[in-house]
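An overview of the molecular structure
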Amino acid sequence: MQEKILILDFGSQYTQLIARRVRELNVYCEIHPYNHFPQPDESVRGVILSGSPYSVRDAQAPQADLSAIKGRLPMLGVCYGAQYLSQQFGGEVKPSATREYGRAILSKVVANNPLIAGLSDRTQVWMSHGDTIVKIPENYRIIASTDTVPVAAFQIEGEQTWGIQFHPEVYHSTEGKQLLKHFVVDICGCRQQWTPDSFIESTVRELRDKIKGDKVLLGLSGGVDSSVAAELLHKAVGDQLVCIFVDMGLLRKDEFESVLKSYESMGLNVIGVRAGDKFLADLAGVTDPEKKRKIIGRDFIEVFDAEAQKLTDVKWLAQGTIYPDVIESISVNGPSATIKSHHNVGGLPEKMNLKIVEPLRLLFKDEVRRVGRELGMPEHLITRHPFPGPGLAVRILGDITPEKVHTLQEADDIFIQGLRDWKVQDADGNETSLYHQVWQAGVILLPVQSVGVMGDERTYERAVALRAVTSTDAMTADWAHLPYEFLGKVSNDIINKVKGVNRVTYDISSKPPSTIEWE
């Protein structure tokens, strides 16, 4: 039985980060909404209560029934979670005199407490709250303070229940990972057996038991998620897996050929379908981003289904769903109000009457890559940047034409290849490329033209925007601080080599408030 930690999500932006830090300790954990979590069974070793954008004093503050957990399982309340444990059981939380945000130093630490034992004297932590605990219940004991926060951490007497008003999961809490290890390993007793190798072993076994002798269909995109899903399924069921890779005419330059060759070298049974003419014809004259996505999603289903109909005995449709997708669908606030259309094979299960199998639904993106490496997959597939399902269609603002697609492909190829070629040192002093320091990058073809001068002639041609971001999971992203020398070279190369482009800009907006893609 897979031992695990439950994380009850009260809506904090840091909840996924808590889960990632626990997973980095090779301990499996699951995120569940505070108001819809499973009854703990013998596999649950402990529970973490997340932070929240709400104040515990708000009328609409999240309320959780902890009766099946508190005092029975080890529990750690983080920020809002700590304040909730105090407020609900006889303590008092009030607004801070000044907002407690940023770095703080723990002092007055009870050194022998198992949660914080071994932490350095005056260790740095990260605060982020507008309220503070001013009174704790009678059977609570303070185990750490800061100069401005008397109750930085507490434990309930007679229980393995703790609360901390800081965030151990963020980078600025310098020994936060050690504190989390004290909780999940030393206190909860987790054995740190959640590894890529153990995941592959258990997943392959489960896939074989589930699929048996049936055929499985998988739509490949060229991205890391579908590629790793394909390799896992192939390891489990071999030639029962049939993959379809559709060229919508909106991929990067020469991508269809290069990715198809990679898949074939992996021994996968792949059907490559060129359907660019159909997609571009149906997109002609369409400028609305959501309409573009719906047309692409509809056409993808038609092309995919037509190929699938040529096969027999297919019972399963595999998808590259990963854990952030699952979390989004069951989040505290429910699924996003407006979910972008076309997530590769959206709508296919209903149309084709197939059962769904999602081998990666428990993994974060970095874990998917670790599993891919353990499977021995080609590094260039594992490290590929995310790419939007609708392809370059959402990077061409305005209507889409074959000429615009060609222009964007050429400019994009120069940018991406430039990122690969530009060598820098990583944090450990090893040589790497800008490409591997960036989460996602691409070129946007703008619906504007600008005046330029080339030789003795004035030009009136297209402008493009370069976009590169750093991130860990795409929930938030910062613009990549690329070297000026690199940007200058790429700009010159694009203007000199791509006919019809005479201006290059660089997008320096972050997510939020912007998004990674422009449409």
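Above this note sits the structure.
So, here is what we can say about the structure in this document. (Residues numbered from 1 in each chain as written. Predicted model: local features only at pLDDT ≥ 70, side-chain atom pairs only at ≥ 80, totals over all residues. Heavy atoms only, no water.)

Digging into the sheet that holds strand 10 (residues 215-220)
Pairing within the open sheet is parallel, and its 5 strands lie in the order 12-11-10-13-14. At either margin of the open sheet sits one strand with a lone partner, and together these are strand 12 (270-274) and strand 14 (355-357). Here the average twist between neighbouring strands, direction ignored, is 30°. Strand direction decides the pairing type here: strand 10 and strand 13 (residues 314-318), joined by 4 bridges, are parallel. Residue Leu218 lies in a different strand from strand 13, and its bridge partner there is Ala318. Relative to strand 12, helix 6 (residues 255-265) is tilted by about 170°, and along the sheet it contacts strand 10, strand 11 (241-247) and strand 12. (Pairing = 2+ DSSP bridges. Helix = DSSP H or I, 4+ residues; strand = E, 2+ residues; numbered from the N terminus. Axes fitted to C-alpha atoms, helices over the stretch in contact; angles between N-to-C directions. Contact = heavy atoms within 4.5 Å.)

A look at the packing of helix 4 (residues 196-211) against helix 5 (residues 224-237)
Packed helices, taken two at a time, are described by the angle between their axes plus the distance between the axes. Between helix 4 and helix 5, whose axes approach to 9 Å, the crossing angle comes to 60°. The element helix 4 and its partner helix 5 pack so that their crossing is right-handed. Side by side, helix 4 and helix 5 meet where Phe199, Ile200, Thr203, Val204, Leu207, Arg208 and Ile211 of the first sit next to Leu232, Leu233, Lys235, Ala236 and Val237 of the second. By residue class, the composition of the contact of helix 4 with helix 5 is 9 nonpolar, 1 polar and 2 charged. (Left-handed = near helix turned anticlockwise from the far one by under 90°. Nonpolar A, V, L, I, M, F, W, Y, C, P; charged D, E, K, R; others polar.)

Re the packing of aromatic side chains
When we look at a pair of aromatic rings, we describe it by the centre distance and by the angle of the planes. Evaluated as defined, the whole model comprises 14 aromatic pairs. Between Phe10 and Tyr34 the ring centres are 5.3 Å apart and the planes differ by 15°, which places this aromatic pair in the stacked class. Taken together, the residues Phe10 in the loop between strand 1 (4-9) and helix 1 (15-24) and Tyr34 in the loop between strand 2 (29-33) and strand 3 (44-49) connect sequence positions 24 residues apart. The pair Phe10 / Tyr34 is uniform in exposure class, with both members buried. Chaining the aromatic ring pairs together yields one cluster made of Phe10, Tyr34, Tyr80 and Tyr84. Cation over ring: Lys70 sits above Phe89, and NZ or CZ is 4.5 Å from the ring centre. Looking at Arg369, its charged tip hangs above the ring of Trp439, at a distance of 5.8 Å from the centre. (Phe/Tyr/Trp six-rings, centres within 6.5 Å; stacked < 30°, edge-to-face > 60°. Buried < 20%, exposed > 50% of the residue type's maximum accessible area, 1.4 Å probe, protein only. Lys NZ or Arg CZ within 6 Å of the ring centre and 35° of its normal.)

Considering the sheet that holds strand 1
Reading across the sheet, the 7 strands line up as 2-1-3-4-9-8-7 and stay open at both edges, with mixed pairing between neighbours. The open sheet is flanked by strand 2 and strand 7 (140-144), the only strands paired with a single partner. Going across the sheet, the axis of each strand differs from the next one's by a mean of 20°, ignoring polarity. Relative to strand 2, helix 1 is tilted by about 160°, and along the sheet it contacts strand 1, strand 2 and strand 3. The strands that helix 3 (residues 176-187) touches are strand 1, strand 3, strand 4 (75-78) and strand 9 (161-164); relative to strand 4, the one it contacts most, it runs at about 160°.

Quick word on the packing of helix 5 against helix 11 (residues 365-374)
Where helix 5 contacts helix 11, the two axes come as close as 10 Å, and the packing angle between them is 45°. On the basis of their axis angle, the class for helix 5 and helix 11 is oblique. The handedness of the crossing between helix 5 and helix 11 is left-handed. Here Val224, Asp225, Val228 and Leu232 of helix 5 come into contact with helix 11, specifically with Lys365, Val368, Arg369, Val371 and Gly372. Taken together, the residues of the contact of helix 5 with helix 11 break down into 5 nonpolar, 1 polar and 3 charged. (Parallel < 35°, antiparallel > 145°, perpendicular 65-115°, else oblique.)

Brief notes about the pairing of strand 10
By the criterion of burial, strand 10 is predominantly enclosed, with 5 of the 6 residues buried. Of the strand pairs in this sheet, strand 10 and strand 11 are connected by 5 bridges, and their pairing is parallel. Among the inter-strand pairings, Leu220 is bridged to a residue of strand 11, identified as Phe245. Following the chain from strand 10 across helix 5 to the adjacent parallel strand 11, one finds a crossover that is right-handed. (Right-handed = clockwise from strand over helix to strand, strands pointing away.)

This is a description of form; function is not addressed.
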